Amino acid sequence: MVGVNDTKTALVTGANKGIGFAIAQGLGAIGFRVAVGARDDSRREDAVERLRAAGVDAFGVALDVTSDDGVAAAAKTIEQTAGRLDVLVNNAGISGRTDSGAQDPTTLDLDVVRAVLDTNVFGVVRVTNAMLPMLSRASAPRIVNVSSNMGSLTLQTGPVMAAYAPSKTMLNSLTAQYARRLADTPVIVNACCPGYVASDFTGFNGIRTPEQGAAIAVHLATLPDDGPRGGFFDDGGVVPW
Ligand code: NAP
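Residues numbered from 1 in each chain as written. Predicted model: local features only at pLDDT ≥ 70, side-chain atom pairs only at ≥ 80, totals over all residues. Heavy atoms only, no water.

**Here's the deal with the overall build of the protein chain**
Counting secondary structure elements, the protein chain contains 6 helices and 8 strands. The order of α-helices and β-strands along the protein chain, N terminus first, is β-α-β-α-β-α-β-α-β-α-β-α-β-β. In terms of overall size, the protein chain behaves like a compact globule, its C-alpha atoms giving a radius of gyration of 17 Å where 241 residues would be expected to give roughly 18 Å. Counting only C-alpha atoms, the protein chain reaches 60 × 40 × 35 Å along its principal axes. (Helix = DSSP H or I, 4+ residues; strand = E, 2+ residues; numbered from the N terminus. Rg over C-alpha atoms; globule rule 2.2 N^0.38 Å.)

Here it is in structure tokens:
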């Protein structure tokens, strides 16, 4: 008998718009049941409706990655609704304020740094650690951290943004730490860069579509068991750390 529990389930954080929505759509299109993690009720419900209209088996999960209690409740919601979790895509991210030299390193606003780290780095730790008990029960669990080439110390690309870029550098480092810790388990952890994507994040100036940006995350979410671990990838292959 086929029950609800037989469908692989993926949680995408920040899935109500932009790259996260496209990742949810992409995973849904290949048969995943998608938990749409989003912090705002109406934006989340709207995204779930749009995904369902596109044929995706989606359900909403209230999720603010900066809230310990909220993240714990999200794990319970997924456990109760789907009974399993196979893929986690840590996509939610913010750039942080840039006005008044807030991200110029010489005038850096440390409150902006704290806010950006709380979402882009601590948020990933909160969500990952809350979801790991469920992921660990899956046969082919995958974790994808949506990073940025702006966090690459080798490339040093994009505008000077002394809160955002280091947040992604730390996320890359954390990705490596998780991959090392989970090396002897089926849990495969990698980071990706979506490229410069037209979304609210970039004021829709990016040159890539959200679907193009989502492709590498969908790929890493569906790696075979002998796939790479603890790496940083974009559509072109390995991104230097
Ligand atoms: P976006 O359109 O601004 O979407 C960001 C998503 O994250 C939204 O759903 C937002 O929810 C959510 N979010 C922010 N803070 C959150 C929180 N505390 N809890 C839960 N969700 C939260 O940006 P995007 O371009 O799709 O970016 C997605 C990811 O790609 C980010 O990690 C970003 O750093 C990365 N990235 C983007 C680009 C690019 O060119 N766009 C390039 C490299 C990397 P709300 O709607 O509620 O705000």
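That shown, we press on.
**Regarding the pairing of strand 4 (residues 87-90)**
Of the two faces of strand 4, the one lined by Val87 and Val89 and the one lined by Leu88 and Asn90 are each fully buried. Examined bridge by bridge, strand 1 (residues 9-13) and strand 4 share 3 bridges and lie parallel to one another. Among the inter-strand pairings, Ala10 is bridged to a residue of strand 4, identified as Val87. Direction of pairing for strand 4 relative to strand 5 (residues 142-146): parallel, over a ladder of 4 bridges. For Val89, the partnering residue across the bridge sits in strand 5 and is Val144. (Buried < 20%, exposed > 50% of the residue type's maximum accessible area, 1.4 Å probe, protein only. Pairing = 2+ DSSP bridges.)

**Re helix 5 (residues 164-181)**
Its 18 residues place the ends of helix 5 26 Å apart at the C-alpha level, agreeing with the 26 Å of an ideal helix rising 1.5 Å per residue. Restricting attention to buried positions, one finds in helix 5 the residues Tyr164, Ala165, Ser167, Lys168, Leu171, Asn172, Leu174, Thr175, Tyr178 and Ala179. Buried positions along helix 5 lie against helix 4 (110-135), strand 5, strand 6 (188-192) and strand 7 (232-234). (Expected span 1.5 Å × (residues − 1). Contact = heavy atoms within 4.5 Å.)

**Considering the layout of surface pockets**
Quantified by volume, the largest pocket comes out at close to 1100 Å³. Asn91, Gly93, Ile94, Ser199 and Phe201 are, among the 45 residues lining the largest pocket, the residues nearest its centre. Secondary-structure elements contributing two or more residues to the lining of the largest pocket are helix 1 (18-29), strand 2 (33-38) and helix 5. Ranked by residues supplied to the lining of the largest pocket, first place goes to helix 1 with 3 residues. Looking at the lining of the largest pocket residue by residue, the classes come out as 19 nonpolar, 19 polar and 7 charged. For the second largest pocket, the calculated volume is near 240 Å³. Forming the walls of the second largest pocket are 15 residues, and the residues nearest its centre are Met150, Gln156, Met161, Ala165 and Pro166. For the lining of the second largest pocket, the class distribution of residues is 9 nonpolar, 6 polar and no charged. (1 Å grid on protein atoms, 1.4 Å probe; cavity = no way out; pocket = protein on both sides within 12 Å on 5 of 7 lines; lining within 4 Å. Points joined across faces, edges and corners; volume = space filled by probe spheres on them. Nonpolar A, V, L, I, M, F, W, Y, C, P; charged D, E, K, R; others polar.)

**Here's the deal with the pattern of salt bridges**
Per the counting criterion, the structure on display carries 14 salt bridges. Salt-bridge contacts for Asp57 lead to Arg33; the nearest nitrogen and oxygen are separated by 3.5 Å. Here Asp57, found in the loop between helix 2 (41-53) and strand 3 (58-62), pairs with Arg33, found in strand 2; they are 24 residues apart in sequence, far enough to count as distant. Residue classification places Asp57 among the partly exposed residues on the basis of a relative accessible area of 37%. Looking at Arg33, the relative accessible area reads 13%, which means it is buried. (Salt bridge = Lys/Arg side-chain N within 4 Å of Asp/Glu carboxyl O.)

**Some remarks on the site of the ligand**
Taken together, 29 residues are adjacent to the ligand, and Asn16, Arg39, Tyr164, Val197 and Ser199 come closest. Contacts to the ligand include Ile19, whose backbone N or O atom sits 2.8 Å from an oxygen atom. The protein chains hide 95% of the 900 Å² of surface that the ligand would expose on its own. A molecule is said to occupy a pocket when more than half its atoms come within 2 Å of that pocket's grid points, and by this definition the ligand occupies the largest pocket. Residues that form the shell around the ligand fall into these classes: 11 nonpolar, 12 polar and 6 charged. (Near = heavy atom within 4 Å. Polar contact = N/O pair within 3.5 Å; in protein donor to acceptor, adjacent residues only side chain to side chain. Areas by Shrake-Rupley, 256 points an atom, 1.4 Å probe, with all protein chains shown as cover. Sits in = over half its atoms within 2 Å of the grid points.)

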